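Each chain, written out:
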Amino acid sequence: MITISQPQAGIIPLCERPAWKALQQHHAKIQNVHLRQLFAEDLRRGEHFAFEAVGLYFDYSKNRITDETISLLLELANQSGLRERIDAMFGGEKINVTEKRAVLHVALRTMKDELIKVDGTNVVPEVHAVLDQMTGFANQVRSGQWRGHTGKRVRNVINIGIGGSDLGPVMAYEALKYYSQRDMTFRFVSNVDGTDFAEATRDLSADETLFIVSSKTFTTLETMTNARTAREWALQALGDEKAVARHFVAVSTNTAEVKKFGIDTANMFQFWDWVGGRYSMDSAIGLSTMIAIGPDQFRAMLAGFHAMDEHFRTAAFDRNLPVLMGLLAVWYNNFFESQTIAVLPYEQYLKSFPAYLQQLTMESNGKHVTLDGTRVEYQTGPIFWGEPGTNGQHSFYQLIHQGTKLIPCDFIGFFQTLNPLGDHHDLLMSNVFAQAEALAFGKTPEEVRAEGTPDWLVPHRTFEGNRPSNVILAERLTPETLGKLVALYEHSVFTQGTIWQIDSFDQWGVELGKVLAQRIIPELEAAEDPSLKHDSSTNALIRRYRNLKGGAARMKKKG
Ligand code: F6P
């Protein structure tokens, strides 16, 4: 039996905490109160439930809350030991109990002179040593000093990785493309589907291409398969094993496997087991980001993360962005029984942000047992999803406005655009404000009727409103702002996980499928029909696949 780290000791089960019970009663009282009423009762509500911290303006007034809701939620945070948990995380305690690991992504963005210890060793110098190594390498690649095997400079960088070794780099590259070196091409291969690799490389020359093989474990099936294919692709063109050293670098915690793969460990960038995959975009996993935007901008992004870390660690909970966001997520998830949260960035460069958040939030909080292994009696992590505005408005917003589900939304917008073009930005931002307003206040049947709408059409054109949202505004999308936004969600996830008393840093749920796939691979590839011992459905699917998988090849031959 694993001992739970000290901060969780003495915390009573969630449903027995007095604040939880009080919130249940409070919810029964206010669940039908309309935002229209709340705004009418307090003409300054829009300012009352809004504040600015670390350069982000957070308006949470359009939530179905009162002052009492917030004080009860804050009380719940206290009774859940949130302060102690935060201190434990920042203090390097092994709060990832099922993997017996510290959780120190915050150490990746600390200042050089800070001290964070894991097992008695200060990890900050190691972090900065890797950052310096990355800086040297990124500068060489960006300046053209780093040459490929044939002497040509690197024009294309392909990151091979999956999950946290892909989604962060993809999202950061897309988000910060404006700041990127435009004469270089950046691509990302993650899927074991060969199409991903084929499409990423079809128009590139191997002699100008650098592969970054990013894998914490360096054993992940998808990444290692793609890395081997990349090596074959490069060697076919370059014809010399020595080329690997100039065209492949690795980011990993596993030196032995990197060596085995044939990558010179001089070209390996380390990180540590106390960095979770989905929390790793600031580590060497961010090498492609650093090459794209340059070391100075990368460090500016880290400074943004650090600013949010410090805010989370030190700000009073009632003025603490991640704490409030996390508590509001709990409020809807557990009391209103909302199943999902929509994240709606009104910024095209953030188009991959929702996909990034899906791993961050759902791999972290999609858990069904508490830290001590007891099955939870309440809902845990909500489903996160979203699309950039205004595109989403023309697809799924209908359901958010008039469907039967309550979907809290996070709107993210910027005062200034990076690409000023006519009145585009005003039009974009008018939609942020309009959508949040429409969701909250809706349109009553009386208002619809007053417009001359015939009676039969009135129900269809009525908007109930009372649909909650947060609005988060920042000056403009910079590396620093991106860091703040990502850290905001990281710590909100941590806040939620603490309330639910789960381990937000393990991911056992991804294991079973991986293991079963390993068993099925030889069954698909065997020359003779294998004896299959799965259930009847899986057996039949495998047989059908074996019988028909040559189809494409046969069709090609025929053609
Ligand atoms: O999907 C499970 C997972 O372990 C993620 O947590 C991780 O980000 C991803 O696989 C990739 O792992 P690795 O970096 O070890 O290849």
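See the structure printed just above.
If you're wondering where the values come from, they're calculated on a predicted model, not measured in any experiment.

A. Spatial organisation of the overall build of the protein chain. Broken down by element type, the protein chain carries 23 helices and 13 strands. In terms of C-alpha radius of gyration, the protein chain reaches 26 Å, essentially the compact-globule figure of 24 Å for 559 residues. Dimensions of the protein chain, computed from the C-alpha atoms along their principal axes, are close to 75 × 65 × 60 Å. Every one of the 559 residues in the protein chain was classed for burial, and the buried ones make up 54%. Long-range contacts, defined here as pairs at least 24 residues apart, represent 74% of the contacts in the protein chain between residues at least 6 apart. For the protein chain, the exposed surface amounts to about 24600 Å²; the carbon and sulfur share of it is 51%. Put simply, the protein chain has 57 plus and 65 minus side-chain charges, and the middle of one group is 6 Å from the middle of the other.

B. Representation of the site of the ligand within the structure. Within the structure, the ligand sits among 13 residues, and Gly164, Ser165, Ser215, Thr217 and Thr220 are positioned closest to it. Here an oxygen atom of the ligand and a side-chain polar atom of Ser165 are 2.6 Å apart. A distance of 2.5 Å separates an oxygen atom of the ligand from a polar side-chain atom of Thr220. When the ligand sits alone it has 390 Å² of accessible area, and the protein chains cover 87% of it. Using a 2 Å cut-off from the grid points, one finds that the ligand occupies the largest pocket.

C. The arrangement of the side chain of His425 in detail. Relative to the helices and strands, His425 is located in helix α17 (residues 424-441). Note on His425: relative accessible area 14%, which makes it buried. In this structure the side chain of His425 is engaged in a polar contact, spanning 2.7 Å, whose partner is the backbone oxygen of Phe414.

D. Highlighting the sheet that holds strand β1 (residues 50-53). With mixed pairing, six strands are arranged side by side in an open sheet as β1-β2-β13-β12-β10-β11. With partners counted over all chains shown, the strands left at the sheet margins are β1 and β11 (383-385), one partner each. Strand-to-strand twist of the sheet, defined as the mean angle between neighbouring strand axes without regard to direction, takes the value 15°. As paired elements, strand β10 (residues 340-345) and strand β12 (residues 409-414) share four bridges and run parallel to each other. Bridge pairing in β12 links Pro345 to Ile412. α17 contacts β12 and β13 (469-474) of the sheet and is inclined by roughly 155° relative to β12.

E. Main features of the pattern of salt bridges. Going through the model one piece at a time under the given rule, you end up with 25 salt bridges. For Lys94, the salt bridge identified is with Asp119, shortest N-O distance 2.9 Å. In this pair, Lys94 is assigned in the loop between α5 (82-90) and β3 (117-118) and Asp119 in the loop between β3 and β4 (121-122), connecting sequence segments 25 residues apart. A salt bridge links Asp203 to Arg187; its shortest N-O distance comes to 2.8 Å. Residue Asp203 is found in the loop between α8 (194-201) and β7 (209-214), and its partner Arg187 is found in strand β6 (residues 185-189); the two are separated by 16 residues along the sequence.

F. Summary view of the pairing of β13. Counting buried positions along β13 gives six out of six residues, so the element sits mostly inside the fold. Covered by surrounding structure in β13 are Ser469, Val471 and Leu473 together with Asn470, Ile472 and Ala474, the residues of both alternating faces. Of the pairings in the sheet, the one linking strand β2 (residues 56-59) to β13 comprises three bridges and is antiparallel in character. Along β13, the bridge assignment pairs Phe58 with Ile472. Across six bridges, the pairing between β12 and β13 is parallel. If you follow Phe411 over to β13, its bridge partner there is Val471.

G. Fine view of the environment of Met89. Take Met89: it is sitting in helix α5. In this structure the C-alpha to C-alpha distance between Met89 and Val458, which are 369 residues apart in sequence, comes to 54 Å. Residue contacts for Met89: discarding those within four places in its chain leaves Ile95, Val103, Leu104, His105, Phe312, His491, Phe494 and Phe505.

H. Summary view of the packing of helix α1 (residues 18-30) against helix α14 (residues 321-335). At a minimum axis separation of 11 Å, α1 and α14 run at an interaxial angle of 75°. Taken together, the axes of α1 and α14 are roughly perpendicular relative to one another. Residue-level contacts link Trp20, Leu23, Gln24, His26, His27 and Ile30 of α1 to Val330, Trp331, Asn334 and Phe335 of α14. Looking at the contact of α1 with α14 residue by residue, the classes come out as six nonpolar, four polar and no charged.

I. Quick peek at helix α22 (residues 536-548). An ideal rise of 1.5 Å per residue puts 18 Å on 13 residues; α22 measures up with 18 Å between its terminal C-alpha atoms. Within the span of α22, buried status applies to Asn539, Ile542 and Arg546. All buried residues of α22 fall inside an arc of 70° around its axis, so they share one side. Opposite its buried face, α22 presents the exposed residues Ser536, Leu541, Arg544, Asn547 and Leu548, each directed more than 90 degrees away.

J. The nonpolar core, seen in detail. Leu210, Trp274, Ile291, Phe353, Leu482 and Tyr489 are the most contacted members of the largest nonpolar core, which has 126 residues in total. Here this core gets eleven residues from one element, more than from any other, and that element is α14. Core analysis: the second largest hydrophobic core is formed by 25 residues, Ile158, Leu235, Phe248 and Phe261 among them.

K. The arrangement of α17 in detail. The end-to-end C-alpha distance of α17, which contains 18 residues, comes to 26 Å, matching closely the 26 Å that a straight helix rising 1.5 Å per residue would cover. Three or more residues of α17 are buried, namely His425, Met429, Val432, Gln435, Ala436, Leu439 and Ala440. The buried residues of α17 all sit within an arc of 125° when viewed along its axis, so they share a single face. For α17, the exposed residues lying more than 90 degrees away from the buried face are His424 and Asp426. The secondary structure elements touched by the buried residues of α17 are α2 (35-41), α16 (397-402), β12 and β13. In the stretch just after α17, Gly442 is the one whose phi turns positive, near 60°.

Rules used throughout
Residues numbered from 1 in each chain as written. Predicted model: local features only at pLDDT ≥ 70, side-chain atom pairs only at ≥ 80, totals over all residues. Heavy atoms only, no water. Helix = DSSP H or I, 4+ residues; strand = E, 2+ residues; numbered from the N terminus. Rg over C-alpha atoms; globule rule 2.2 N^0.38 Å. Buried < 20%, exposed > 50% of the residue type's maximum accessible area, 1.4 Å probe, protein only. Contact = heavy atoms within 4.5 Å. Areas by Shrake-Rupley, 256 points an atom, 1.4 Å probe, with all protein chains shown as cover. Lys, Arg positive; Asp, Glu negative; His and termini not counted. Charge placed at Lys NZ, Arg CZ, Asp CG, Glu CD. Near = heavy atom within 4 Å. Polar contact = N/O pair within 3.5 Å; in protein donor to acceptor, adjacent residues only side chain to side chain. 1 Å grid on protein atoms, 1.4 Å probe; cavity = no way out; pocket = protein on both sides within 12 Å on 5 of 7 lines; lining within 4 Å. Sits in = over half its atoms within 2 Å of the grid points. Pairing = 2+ DSSP bridges. Axes fitted to C-alpha atoms, helices over the stretch in contact; angles between N-to-C directions. Salt bridge = Lys/Arg side-chain N within 4 Å of Asp/Glu carboxyl O. Parallel < 35°, antiparallel > 145°, perpendicular 65-115°, else oblique. Nonpolar A, V, L, I, M, F, W, Y, C, P; charged D, E, K, R; others polar. Expected span 1.5 Å × (residues − 1). Arc of directions from axis to C-beta. Core = buried A, V, L, I, M, F, W, Y, C linked by side-chain atoms within 4.5 Å.

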